[in-house]
Amino acid sequence: MAQSTAAQICASPTTGTPDPIQLHTLALNSLSRCKSMLLANEPMYLFAQNFLAEAQQAIAALSALDQKLEG
């Protein structure tokens, strides 16, 4: 199964495994940016949607990591 874009961005250069701390930070930052785009004087829905998708990818990568560790 191919890694998501978020997992590839946060992958360790030596092991190639995604860093859960970086993925968590990416998810939080993306959600914060999404909120900012929606609360702007003139909401930027397309940018908010892109940041939301980025956060979803990071969360999916975290979930895949968690499942990998459990079994």
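Shown above is the structure to which this text applies.
Reference entry: report on the structure contained in this document.

What counts, and where the lines are drawn
Residues numbered from 1 in each chain as written. Predicted model: local features only at pLDDT ≥ 70, side-chain atom pairs only at ≥ 80, totals over all residues. Heavy atoms only, no water. Core = buried A, V, L, I, M, F, W, Y, C linked by side-chain atoms within 4.5 Å. Buried < 20%, exposed > 50% of the residue type's maximum accessible area, 1.4 Å probe, protein only. Helix = DSSP H or I, 4+ residues; strand = E, 2+ residues; numbered from the N terminus. Patch = residues over 30% accessible without salt bridge, like charges linked within 9 Å, V, L, I, M, F, W, Y side chains within 5 Å. Areas by Shrake-Rupley, 256 points an atom, 1.4 Å probe, with all protein chains shown as cover. Salt bridge = Lys/Arg side-chain N within 4 Å of Asp/Glu carboxyl O.

All right, on to the nonpolar core then. With six residues, the main nonpolar core is built from Leu23, Leu26, Ala27, Ala58, Ala61 and Leu65. Every element with two or more residues in this core is listed here: helix H2 (20-39) and helix H3 (45-70).

Here we take up a nonpolar patch on the surface. Taken together, Leu31, Leu52 and Ile59 make up a surface patch of nonpolar side chains, about 240 Å² in accessible area. Here leucine 31 shows up in helix H2.

The subject of this paragraph is the pattern of salt bridges. As enumerated under the stated definition, the model contains one salt bridge in all. One salt bridge in this structure joins arginine 33 and glutamate 54, with 3.7 Å as the shortest N-O distance. With arginine 33 in helix H2 and glutamate 54 in helix H3, this pair connects stretches of sequence that are 21 residues apart. For glutamate 54, a relative accessible area of 27% gives the class partly exposed.

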